[in-house]
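A closer look at the structure
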Amino acid sequence: MILKTFIIYQYKLTKLEIVSLQNITLPFSSSEPLSVFFSRGSGIESEHLVDIVLSDTNGKPIVAIGDLERIVYPRSATKLFQCLTLSSMNPEISEKEYSVICSSHNGQKEHINIVEKILKKNGLSHENLICGPHWSLEKNEFINQARKYTQPSTLQSNCSGKHSGMLLLCKLLNADLKGYEKLDHPVQKKIVETINFLTNKNILDYPYGVDGCGVPAFSAPLKIWGQALARFADDKKLPDSLRNGKRLIANAIYKEPFFIAGDNRICTAIAETLGNKITPKMGAEAVYFCSLNDLGLGLVLKCRDGSRRAVEFALGQVLKLLNYNCLLYTSDAADERSSVDLGGRRI
């Protein structure tokens, strides 16, 4: 499939208007989601709806597009908050290690080596990880794995860094390693405390379930996640331990961007290009968190149908609106990848 055109539309009442996001006046609000259309020739082939919030620490939306009350499971995007629970305790962790603990990594050898290092130096084993194995998220690495006819290991799971961090948190809390993924385990209780503080809510009042890697997956309205991420971004207002922990995370991802994702991944591209201005994190089913550290704002996007390609294009549009300049790498289809600028233009 070759995408000839990328257009963003927005519905207002019954009229269809093309919206140039870079020309809107902030603050901007629309009750309708952003519609991302992909065309083939002169016809529209696919449509995806994206809800977006850019929030300050008081929960005031600077950009509000779509349903801010819509329940969202950020999935792996909450790794920033999960890792904050660990970093606030200031253990001996390198920048590469922090970056990979926050990551949904490609399972490339560099990622695996760092996960192994975390485990070894803390007297832990990959056998303690409950995340399970899966093939690499990166196309070339996946092909190499398939050619070798080798079963992927738990270390190659894109969540192996997070799980290694949770095992380390077990040791810091003097908690049993067994069952660390359970909601009633001290590790998960401590993580819930962190998320409750950032959201200013009891996160367990909203629906929750189990993530693909086996740990709890929390949900809340889009606007709540936006405010929580803004509080993460505007760290001057955090307690000392959380502020220091947040800065450890942001600096690590800035200095070691490869380890937050890997080759051909947007999180790595943003961290490489924009440095400490933005701390990015994607989540499954087309969620994006961007901690705008330089502005003290939280940006959250969610594509309703889980389309990664659509949310990536929408992310580019919003970052362009906010005058961030970098080249993003996005997936267009299962068998094609292309580079796009922040306006969504094919290059």
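Remember, predicted model here, so these are calculated numbers, not experimental data.

Within the protein chain, residue pLDDT values average 87, and 87% of them lie at 70 or more. Predicted confidence for residues 1–20 stays below pLDDT 50, and this span has 56 contacts to residues more than four positions away or in other chains. Within the model, pLDDT remains below 50 along residues 329–347, and this stretch shows 63 contacts once partners closer than five positions in the same chain are excluded.

Further remarks concern the packing of helix α1 (residues 79–87) against helix α7 (residues 222–233). Running from N to C, α1 and α7 cross one another at 45°; their axes reach a closest spacing of 11 Å. The orientation of α1 relative to α7 falls into the category oblique. Along this stretch, α1 crosses α7, giving a crossing that reads as left-handed. Facing L80, F81 and L84 of α1, the residues of α7 in contact are W225, A228, L229 and F232.

This part covers empty space enclosed by the protein. To find leftover empty space, one rolls a probe the size of a water molecule over the atoms. Applying the stated criterion across every chain yields a total of two cavities of 30 Å³ or more. Taken as a whole, the largest cavity spans an internal volume of roughly 70 Å³. Lining the largest cavity we find K79, Q82, C83, L86, I101, K162, G165, M166, L169 and I191. Of all elements in the fold, only α1 and α5 (160–172) reach the threshold of two or more residues within the lining of the largest cavity. Classifying every residue of the lining of the largest cavity gives six nonpolar, two polar and two charged. Here the second largest cavity defines a volume of roughly 40 Å³.

By the criterion of burial, strand β4 (residues 34–40) is predominantly enclosed, with six of the seven residues buried. In this structure, β4 lies alongside strand β5 (residues 43–55), joined through seven bridges in antiparallel fashion. From the neighbouring strand, F37 faces β5, where its bridge partner is E47. The hairpin turn running from β4 into β5, its antiparallel successor, is two residues long, and G41 in that turn takes a positive phi close to 65°.

A few words now on the pairing of strand β11 (residues 278–283). Within β11, six of the six residues are buried, leaving the element largely enclosed by the surrounding structure. Here β11 shows two buried faces, one formed by I278, P280 and M282 and the other by T279, K281 and G283. Two strands pair when backbone bridges link them, and β11 and strand β12 (residues 287–292) are joined in this way by six bridges, in the antiparallel orientation. Note that in β12 the partner of P280 across the bridge is C290.

Within the largest apolar cluster, 96 residues are counted, with the highest numbers of intra-cluster contacts made by V50, F81, W225, L299, L301 and L315. Residue contributions to this core peak at eight residues, all from helix α10 (residues 308–321). Once you skip the residues sitting within four places of it in the chain, L315 turns out to touch I266, I270, Y288, C290, L299 and L301.

Quantified by volume, the largest pocket comes out at close to 380 Å³. The wall of the largest pocket is formed by 25 residues, among which S104, L137, N158, M282 and A284 lie closest to the centre. Looking at the lining of the largest pocket, the elements that each hand over two or more residues are β11, β12 and α10. For the lining of the largest pocket, the per-class residue count stands at eleven nonpolar, nine polar and five charged.

What follows deals with the side chain of S160. With respect to the helices and strands, the residue S160 is situated in helix α5. From its side chain, S160 meets the backbone oxygen of L155 in a polar contact 2.8 Å long. Leaving out residues up to four positions away in the same chain, S160 has contacts with H105, V115, L129, C131, T154 and L155.

Cut-offs used in this document
- Residues numbered from 1 in each chain as written.
- Predicted model: local features only at pLDDT ≥ 70, side-chain atom pairs only at ≥ 80, totals over all residues.
- Heavy atoms only, no water.
- pLDDT = per-residue confidence, 0-100.
- Contact = heavy atoms within 4.5 Å.
- Axes fitted to C-alpha atoms, helices over the stretch in contact; angles between N-to-C directions.
- Helix = DSSP H or I, 4+ residues; strand = E, 2+ residues; numbered from the N terminus.
- Parallel < 35°, antiparallel > 145°, perpendicular 65-115°, else oblique.
- Left-handed = near helix turned anticlockwise from the far one by under 90°.
- 1 Å grid on protein atoms, 1.4 Å probe; cavity = no way out; pocket = protein on both sides within 12 Å on 5 of 7 lines; lining within 4 Å.
- Points joined across faces, edges and corners; volume = space filled by probe spheres on them.
- Nonpolar A, V, L, I, M, F, W, Y, C, P; charged D, E, K, R; others polar.
- Buried < 20%, exposed > 50% of the residue type's maximum accessible area, 1.4 Å probe, protein only.
- Pairing = 2+ DSSP bridges.
- Core = buried A, V, L, I, M, F, W, Y, C linked by side-chain atoms within 4.5 Å.
- Polar contact = N/O pair within 3.5 Å; in protein donor to acceptor, adjacent residues only side chain to side chain.

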